[in-house]
Amino acid sequence: MSAANHVVDYTITLTDAVTAEMEKAIATPLTQYNMSQAGLSGARALAILIKDADEQIIGGLWGKTGGGWLFTQLFVIPESLRGQGLGTKLLHLAEQEAIERGCHGAWLDTFEFQARAFYERLGYSCFGQLEDYPMGFSRFFMKKSLRSQ
C-alpha cells in the first residue's frame, strides 16, 4: 500500500489552552516543507526594548527577519514618550538591522485606530486591507522596500 493510501488513526482537538509544544508540533513540519520548496530558513528574532529607570520594559519593537523580510509583529511606544521621535528611531534601528541581515523589505500590519499615517510618513505603503477586523475598523498590511536606504 502506498503512503497516500495508508490510513492513520487520529483525533481532532480544539483548545484555547495552547502551549509552546503545540506550536512547535505544527510549525516544525510546515517550516521543513517551506524550506524544501523555497529555501525559506534563517528566521531570526529581533527585539528593541524601551526600559524605564528601574530597567522594566515599558515598550519597544518585537519582530523577526527571514525570507529577506523584516516583519514587525509588535510595536508600542508608551504614551508618555510619544511625539518625540522615539518610534521613528526604533523602526529605523530595526530596518537597519534587517538590512545588515540581508533583508530587502519590511512589512507589518496596523489597525485603522493605530498608526497607519505614521508608517506612511516613514515610507510604508498599504498592500492589503481587511475590513471589519475588528468590526467597524480595518486592518492594514503595509510594506516598504529597504533597498533604497
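Cut-offs applied
- Residues numbered from 1 in each chain as written.
- Predicted model: local features only at pLDDT ≥ 70, side-chain atom pairs only at ≥ 80, totals over all residues.
- Heavy atoms only, no water.
- Pairing = 2+ DSSP bridges.
- Helix = DSSP H or I, 4+ residues; strand = E, 2+ residues; numbered from the N terminus.
- Axes fitted to C-alpha atoms, helices over the stretch in contact; angles between N-to-C directions.
- Contact = heavy atoms within 4.5 Å.
- Salt bridge = Lys/Arg side-chain N within 4 Å of Asp/Glu carboxyl O.

**Remarks on the sheet that holds strand S1 (residues 44–51)**
As a general point, the strands of a sheet are linked pairwise by backbone hydrogen bonds and lie either parallel or antiparallel.
Working step 1: Strand order across the open sheet formed by 6 strands is S1-S2-S3-S4-S6-S5, with mixed pairing between neighbours. In this open sheet, the two strands that pair with only one neighbour each are S1 and strand S5 (125–131). The sheet shows a mean angle of 20 degrees between the axes of neighbouring strands, direction not considered.
Working step 2: Relative to strand S6 (residues 138–145), strand S4 (residues 105–111) runs antiparallel, the two being bridged by 7 bridges. Bridge pairing in S6 links Trp 107 to Lys 143.
Working step 3: Contacting S1, strand S2 (57–66), strand S3 (69–76) and S6, helix H2 (residues 86–100) crosses the sheet at an angle of about 155 degrees to S1.

**A look at the pattern of salt bridges**
Between side chains of opposite charge, a pair can form as their charged atoms come close.
Working step 1: Enumeration over the complete set of coordinates arrives at 5 salt bridges.
Working step 2: A salt bridge links Arg 116 to Glu 120, with the nearest nitrogen and oxygen atoms 2.8 Å apart. With Arg 116 and Glu 120 both in helix H3 (residues 116–121) and 4 residues apart, the pair spans about one turn of that helix.

From the geometry alone we can't say anything about function, so treat these as descriptive.
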